[in-house]
Amino acid sequence: MQHVIIVGNARVGKTSFIYRLTNKTFSESYCATIGKDMHVINPTLTLHDHSSMERYQDLCRLHYKTAHGAIVFFDSETVNSVNIWVGRIRRENKKIPIIKVLNKCDMDTVSDICDLRISCKENKGVTDVLPLLIPRMEIPIKTSPLQTLVEYLQQSYCSIS
Ligand SMILES: Nc1nc2c(ncn2[C@@H]2O[C@H](COP(=O)(O)OP(=O)(O)OP(=O)(O)O)[C@@H](O)[C@H]2O)c(=O)[nH]1
Ligand SMILES: [Mg+2]
């Protein structure tokens, strides 16, 4: 199983991205993510939607060590935060591939530091995100069903060793 973390400031559209990808829907309303939410995309890939709230960053930081790939989300108002998120991840995990995704390109968004521009609202570029990241990730070693279960529990609670 490969684990991809999605990080970024509040309201940049991390949860909207997952909803667009999995439910093919978009909502204008906002409900902050608490802690982190897991979304199993297929038998080999799980997305982890991290809360942007400072009080959950210790929990999320533990998870940076074990993740296989990372997506830093931002919008035109949070361009300056991108390097902060990349730095936080790099401190915990030197090798993890990271892509930078500029969301809300339906609005007037300009940035030369992004790997991809998308709009969850208009459903533009959403399906290009994972194909950009996954080839950069290490191929996981095949594990037994028991190991997979243990790994799942570790990713869920981050406290089992
Ligand atoms: N215009 C526009 N608005 C968007 C887009 N994607 C998300 N939004 C809006 O941005 C707001 C925040 O979206 P969320 O997906 O909840 O943001 P988040 O990054 O998960 O926020 P936290 O859970 O607090 O970290 C919502 O009101 C969405 O409707 C987009 O592509 N374009
Ligand atoms: Mg969210």
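Look up: the structure comes first, before these words.
What counts and what doesn't
- Residues numbered from 1 in each chain as written.
- Chains lettered and ligands numbered in written order.
- Predicted model: local features only at pLDDT ≥ 70, side-chain atom pairs only at ≥ 80, totals over all residues.
- Core = buried A, V, L, I, M, F, W, Y, C linked by C-beta atoms within 7 Å.
- Buried ≥ 20, exposed ≤ 12 C-beta atoms within 10 Å, placed from the backbone.
- Helix = DSSP H or I, 4+ residues; strand = E, 2+ residues; numbered from the N terminus.
- Contact = placed C-beta atoms within 7 Å.
- Near = placed C-beta within 6 Å.
- Nonpolar A, V, L, I, M, F, W, Y, C, P; charged D, E, K, R; others polar.
- Pairing = 2+ DSSP bridges.
- Axes fitted to C-alpha atoms, helices over the stretch in contact; angles between N-to-C directions.

*Asks:* Outline the nonpolar core, supporting the account with residue identities and numerical values.
*Replies:* Generally speaking, nonpolar side chains in soluble globular proteins are found buried as a group. Within the largest apolar cluster, 27 residues are counted, with the highest numbers of intra-cluster contacts made by Val4, Ile6, Ala70, Ile71, Val72, Phe73 and Val101. Elements with a minimum of two residues in this core: strand S1 (2-8), helix H1 (14-22), strand S4 (69-74), helix H3 (82-92), strand S5 (98-102) and helix H4 (129-133). Residue contributions to this core peak at five residues, all from S4. With sequence-adjacent residues up to four places away left out, Val101 is seen in contact with Ile71, Phe73, Cys114, Asp115, Leu116, Ile118 and Val129.

*Asks:* So, the site of ligand 1: which residues are in play, and what are the values?
*Replies:* Close to ligand 1 lie 22 residues, the nearest being Gly13, Thr15, Ser16, Thr33 and Lys121. A total of three residues in the shell around ligand 1 trace back to one element, the largest contributor, which is H1. A breakdown of the residues in the shell around ligand 1 according to their chemical character gives six nonpolar, ten polar and six charged.

*Asks:* Any chance you could break down unusual backbone geometry for me, citing the residues and the numbers?
*Replies:* Backbone geometry places Lys24, a non-glycine residue, at a positive phi of 60°. For Asn123, which is not glycine, the phi torsion reads 55° and is therefore positive. Structurally, the position occupied by Asn123 is in the loop between strand S6 (116-117) and H4.

*Asks:* Please set out the sheet that holds strand S3 (residues 45-50) residue by residue, giving values where relevant.
*Replies:* Strand order in the open sheet formed by six strands is S2-S3-S1-S4-S5-S6, and the pairing between neighbours is mixed. Since the sheet does not close on itself, it has two edges, and those belong to strand S2 (36-42) and S6, each with one partner. Taken strand by strand, H3 contacts S1, S4 and S5, and its axis lies near 160° from that of S4.

*Asks:* So what's going on with the pairing of S3? Which residues, and what values?
*Replies:* Taken together, the five bridges between S1 and S3 define a ladder with parallel strand orientation. Paired with Ile6 across the strands is Asp49, a residue of S3. Note that S2 and S3 share six bridges and pair antiparallel. By the bridge assignment, Met38 is partnered in S3 with His48. In sequence, S2 turns back onto S3 through a hairpin of two residues.

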